[in-house]
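# Structural characterization, general
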Amino acid sequence: QPLQAISSSQVDSVLVLMARVIGAMEAAQALPALEMLSGHSRHFVRWASLRAMARIHPEMALEKLTLVAADDPHVELRQSAAKALEKLRRQG
């Protein structure tokens, strides 16, 4: 099972890294940027932004994850969002 994938696009890789750093720093001032990235065309960028958002503002993440679980075009992202929703609801 793969541990990590790197995009062939340097920009996409930087966006994922940026989202991870923002999440690790719990930088609430960056929530607007994460919200923008949650609509990115690449599913892995959307996922990185949602994970960071969940660390910083779980309520906002619940709302976004609900939408993604129901409506994202990428099947694996829908499944991951549904699992994350279940986990967040158990914690809250």
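Residues numbered from 1 in each chain as written. Predicted model: local features only at pLDDT ≥ 70, side-chain atom pairs only at ≥ 80, totals over all residues. Heavy atoms only, no water.

### Describing the pattern of salt bridges
This is how it is decided: The term salt bridge refers to a side-chain nitrogen of Lys or Arg lying within 4 Å of a carboxyl oxygen of Asp or Glu. The way it works is that DSSP assigns letters per residue, a run of H or I at least four long becomes a helix, a run of E at least two long becomes a strand, and they are numbered from the N terminus. Categorising residues by exposure relies on relative accessible area from a 1.4 Å probe, with only protein chains included: less than 20% of the type maximum marks a residue as buried, more than 50% marks it as exposed, and the intermediate range marks it as partly exposed.
Summed over the entire model, instances satisfying the criterion amount to 5 salt bridges. Linking Asp12 and Arg42 is a salt bridge whose minimum nitrogen-to-oxygen distance equals 2.9 Å. With Asp12 in helix H1 (residues 10–25) and Arg42 in the loop between helix H2 (31–37) and helix H3 (43–56), this residue pair connects regions lying 30 residues apart in the sequence. On the basis of relative accessibility, which here comes to 6%, the residue Asp12 falls in the buried class. Arg42 sits in the partly exposed class, given a relative accessible area of 39%. Across the salt bridge formed by Lys64 and Glu35, the nearest N and O atoms sit 3.5 Å from each other. Residue Lys64 is found in helix H4 (residues 58–71), and its partner Glu35 is found in helix H2; the two are separated by 29 residues along the sequence. Take Glu35: its relative accessible area is 36%, and that puts it in the partly exposed class.

### Considerations on the confidence of the model for the protein
Here is the rule: Scored between 0 and 100, pLDDT is the confidence that the predictor attaches to each residue.
Within the protein, residue pLDDT values average 91, and 91% of them lie at 70 or more. At the level of individual helices and strands, the protein shows its lowest average pLDDT in helix H5 (residues 75–91), which scores 90, and its highest in H2, which scores 96.

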